[in-house]
Amino acid sequence: MAQSALLNASILKKVAMALSGIFLITFLALHVTLNFISIISEDVFNTASHFMGYNPLIQFVMQPILAFGVIFHFIMGFILTAQNRAARPIAYANYNGAANASWSSRNMIISGLVILAFLGLHFYDFWFPEVAYKYIAGTEPDATRYYGELVHKFHDPIRTGLYCISFILLGFHLWHGFASSLQSVGMHNKYSRFLAKVGYWFAVVVPAAFVIIALFHHFNQ
């Protein structure tokens with residue numbers, strides 16, 4: 001009975017982890033779309049960013065939900081990693097990880113920690129200045145400032161390189177995480193193979209788009 005309860009609790013944790021991952025994947029798709037506009041049109045990017053930055057629904061409802069989703073996803077990741085390690089207290093005598101699982105699946109915690117560090121840098125570069133601009137300094141809205149602020153952040157080659165490395169590791173994280181999330185929520189049907197392929201394409205295209213954005217603005221200054 002106790003073993004069954006523990007199993008059910010473990011399954012619920014994995015499902016919760018998967019759902020938070022799917023939610024964050026949706027946010028990534030929106031975020032990369034908005035940022036990619038900066039390559040196409042400065043004016044459209046400024047307009048879209050200003051709308052996102054001053055829309056009450058986005059700022060006071062969606063943004064807190066997003067923050068909770070990020071924190072929840074990482075906490076659950078650490079809990080599940082510790083739980084899996086505790087279930088195998090004695091290391092295998094002869095274990096070849098590369099032969100049994102991909103690098104991305106074996107190093108989700110590493111890529112996750114790097115992404116967490118990247119989020120810290122991202123908040124420092126964009127979120128904290130935005131909060132200071134709007135709520136601390138109380139500066140009047142300027143719908144033309146966003147493009148210049150974005151380009152300025154990619155002036156430094158070291159910062160640009162850190163962003164690109166983080167995006168590449170995000171791709172590895174998504175490569176395993178997307179398919180794993182679908183599996184955890186029970187998508188074992190005739191569309192599962194197609195959805196897995198979509199996940200692999202997403203894991204390549206989205207991080208590659210972020211890298212292109214960073215390099216484009218770095219080399220066009």
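Within each chain, residues carry numbers counting from 1 in the order of the written sequence. Thresholds applied to this predicted model are a pLDDT of at least 70 for local features of residues and 80 or more for the giving and counting of side-chain atom pairs; totals over whole chains, interfaces and linings are not thresholded and use all residues. Remark: hydrogens and water are excluded; side-chain values derive from all non-hydrogen atoms of the structure.

Draft legend 1. Inspection of the packing of aromatic side chains at higher detail. Pairing of aromatic side chains requires ring centres within 6.5 Å, counting the rings of Phe and Tyr and the six-membered ring of Trp. Pairs whose planes differ by under 30 degrees are stacked, by over 60 edge-to-face, and all others tilted. Applying the stated criterion across every chain yields a total of 11 aromatic pairs. Look at Phe178 and Phe202: their rings are 5.7 Å apart centre to centre, the planes differ by 50 degrees, and that puts the pair in the tilted class. Residue Phe178 is located in helix 8 (residues 157-184), and its partner Phe202 is located in helix 9 (residues 192-219); the two are separated by 24 residues in the primary sequence. In this structure Phe178 comes out as buried when scored by relative accessible area, which is 13%. Among the aromatic residues, those joined into a ring-pair cluster are Phe118, Phe154, Tyr163, Phe167 and Phe210. Note on conventions: DSSP H or I runs of at least 4 residues are helices, E runs of at least 2 residues are strands, and numbering of each starts at the N terminus. Only protein chains enter the accessibility calculation, which uses a 1.4 Å probe. A residue is then buried if its area is under 20% of the maximum for its type, exposed if over 50%, and partly exposed in between.

Draft legend 2. Representation of the packing of helix 2 (residues 42-54) against helix 7 (residues 146-153) within the structure. Where helix 2 meets helix 7, the closest approach of the two axes is 8 Å, and the angle between their N-to-C directions is 100 degrees. Relative to helix 7, the element helix 2 lies roughly perpendicular. Contacts between helix 2 and helix 7 involve Glu42, Phe45, Asn46, Ser49, His50 and Tyr54 on the former and, on the latter, Tyr146, Tyr147 and Leu150. Here the term charged refers only to Asp, Glu, Lys and Arg, the term nonpolar to Ala, Val, Leu, Ile, Met, Phe, Trp, Tyr, Cys and Pro, and the term polar to all other amino acids, Gly among them. For the contact of helix 2 with helix 7, the per-class residue count stands at 5 nonpolar, 3 polar and 1 charged. Angles shown run from 0 to 180 degrees and are taken between the N-to-C directions of axes, each axis being a line fitted to C-alpha atoms and, for helices, limited to the stretch in contact. Angle categories: roughly parallel below 35 degrees, roughly antiparallel above 145, roughly perpendicular from 65 to 115, and oblique for all the rest. The criterion used for residue contact is that any of the two residues' heavy atoms lie within 4.5 Å.

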